[in-house]
Amino acid sequence: MWTGTGRIDETYIDNERAARILCDTPLVPAPGQYLLAYALSEPDSPLAVPVFRAASHPRGFYAAKPLPVAWTPGTILSLRGPLGHGFHLPASARRVALVALGGNPARLFALLEPSLNQKAEITLLAESTPVGLPPAIEVLPLTALAETAPWADYMAIDAPRAALPNVQSLLASSGCPIDILVETPLPCGGIAECGVCAITCRNGVMLACKDGPVFNLKAIL
Ligand code: FES
């Protein structure tokens, strides 16, 4: 884990990428990992903000939406991370399904580049077609999840904690590895052991901030 500063270089509206953040390479989170960040101009801000990657950039990364609206170009951020466990895209995966159950596919976008690099077909299941999606990506409604699951040889899901019981049926319909990014508040990143990010799993309670936020679905349900 590293600490350092970053700078908001550019922000975007109506885009899965909320901002371009310039920072040193060791601070750049892998897909599914996160940084805890706060603006140096707001030292009294009560909580650090979890920042996820949406895409890579040679001098930092594109951050997934949402970010605080007060973070405008030029804002200097204090950064801590990368934190937690990210996605494990198998090198052999050739049919990748990305499933945005929480209405925000932005954090899954970090898997587009590595999937395309290994020549995988990609299907995104989401409530609507996101802006800025490469044309090679097929977009399907969430109602197509049951028929898409047997097609995929890797599945990455982004879902709110409350939706965990709803994805259990996927384990029966798909034999492929399934990673799930559990969306919860991550106020302390594990340092204070606040427990706010706790999720109830098959073998007890796990903390999304350090045991996740990406979990192997079969390991927790
Ligand atoms: S965010 Fe505090 S224990 Fe996970």
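Residues numbered from 1 in each chain as written. Predicted model: local features only at pLDDT ≥ 70, side-chain atom pairs only at ≥ 80, totals over all residues. Heavy atoms only, no water.

1. Side note on the side chain of His57
Stated precisely, the cut-off is as follows: Each helix is a run of H or I in the DSSP string that is no shorter than four residues. Each strand is a run of E no shorter than two, and both are numbered from the N terminus. Between N or O atoms, a polar contact is any pair within 3.5 Å; within protein, one atom must be a potential hydrogen donor and the other a potential acceptor, and residues adjacent in sequence are included only when both atoms are from side chains.
Along the chain, His57 turns up in strand β4 (residues 49-57). Separated by 3.0 Å, the side chain of His57 and the backbone nitrogen of Arg59 make a polar contact.

2. Remarks on the nonpolar core
Put simply, the rule is: We call a set of buried Ala, Val, Leu, Ile, Met, Phe, Trp, Tyr and Cys residues a nonpolar core when their side-chain atoms join them within 4.5 Å. Each residue is placed in one exposure class: buried if its accessible area under a 1.4 Å probe, protein chains only, is under 20% of its type's maximum, exposed if it is over 50%, and partly exposed if it falls in between. Contacts are assigned to residue pairs with any non-hydrogen atoms lying within 4.5 Å of each other.
Core analysis: the biggest nonpolar cluster contains 56 residues, and Leu98, Met155 and Ile180 have the highest contact counts within it. Sequence-distant contacts of Ile180, that is, excluding residues within four places in its chain, are made with Ile157, Ala159, Leu164, Val167, Pro213, Val214, Phe215, Leu217 and Ile220. The next biggest cluster of nonpolar side chains, apart from the first, holds 18 residues, and it includes Ile21, Cys23, Leu27 and Phe61.

3. A short note on the environment of Leu164
Position of Leu164 among the secondary structure elements: in the loop between β10 (154-160) and α3 (170-173). Sequence-wise, Leu164 and Leu145 are 19 residues apart; in three dimensions their C-alpha atoms are separated by 15 Å. Ignoring anything within four residues of it in the chain, the contact list for Leu164 reads Ile180, Val182, Ile199, Ile220 and Leu221.

4. Quick look at the layout of surface pockets
Inclusion rule: The pocket and cavity definitions rest on a 1 Å grid over protein atoms only: a 1.4 Å probe that fits but cannot leave marks a cavity, an open set with protein on both sides within 12 Å along at least five of seven lines marks a pocket, and residues lining either have an atom within 4 Å of a point. Grid points are joined across faces, edges and corners, and a volume is the space filled by probe spheres set on the points. Amino acids outside the nonpolar list (Ala, Val, Leu, Ile, Met, Phe, Trp, Tyr, Cys, Pro) and the charged list (Asp, Glu, Lys, Arg) are all regarded as polar, and Gly is one of them. Domain start and end points were adopted from an automatic or database domain assignment.
Computed from the structure, the largest pocket encloses a volume of approximately 240 Å³. If you trace the largest pocket, you find 14 residues lining it, with Pro50, Phe52, Pro66, Arg107 and Glu183 closest to the centre. Elements supplying a minimum of two residues to the lining of the largest pocket: β4 and β11 (178-183). For the lining of the largest pocket, the class distribution of residues is ten nonpolar, one polar and three charged. Domain assignment of the residues forming the lining of the largest pocket places at least three in each of domain 1 (2-83) and domain 2 (95-220).

5. Regarding the sheet that holds strand β7 (residues 95-100)
Threshold: For two strands to pair, DSSP has to find at least two bridges joining them. Fitted lines through C-alpha atoms give the axes, limited to the stretch in contact for helices. The angle between two N-to-C directions lies from 0 to 180 degrees.
Taken in spatial order, the six strands line up as β9-β8-β7-β10-β11-β14 in an open sheet, and their pairing is mixed. In the strand order of this sheet, the two ends are held by β9 (138-140) and β14 (214-216), each with one partner. The sheet shows a mean angle of 20° between the axes of neighbouring strands, taken without regard to direction.

6. Some details on the domain arrangement of the protein
Threshold: Simply put, the buried area is the total loss of 1.4 Å probe accessible area from both parts when two parts are fitted together. We define a salt bridge as a contact between a side-chain nitrogen of Lys or Arg and a carboxyl oxygen of Asp or Glu at a distance within 4 Å.
Segmentation of the protein into domains returns domain 1 (2-83) and domain 2 (95-220). Inter-centroid distance (C-alpha atoms) of domain 1 to domain 2 is 21 Å. Contact residues are listed per partner, giving 17 residues for domain 1 and 19 residues for domain 2. Of the roughly 1600 Å² buried where domain 1 meets domain 2, counting both sides, 60% is carbon and sulfur surface. Per-residue buried area on domain 1 facing domain 2 is highest for Glu16, Tyr34 and Phe52; these three make up 32% of the total on that side. Scanning the region where domain 1 abuts domain 2 turns up zero salt bridges. The interface formed by domain 1 and domain 2 includes five residue pairs in polar contact (both at pLDDT 80 or more). Listing elements by their share of the side of domain 1 that touches domain 2, those giving two or more residues are β3 (34-39) and β4.

7. Structural notes on the pattern of salt bridges
Under the definition given, this model contains seven salt bridges. Across the salt bridge formed by Lys65 and Glu16, the nearest N and O atoms sit 3.6 Å from each other. Taken together, the residues Lys65 in the loop between β5 (60-64) and β6 (76-83) and Glu16 in the loop between β1 (2-11) and β2 (17-22) connect sequence positions 49 residues apart. Relative accessible area serves as the criterion here: at 30%, Lys65 is assigned to the partly exposed category. In this structure Glu16 comes out as buried when scored by relative accessible area, which is 5%. The partner of Arg107 in a salt bridge is Glu183, and the shortest N-O contact between them spans 3.2 Å.

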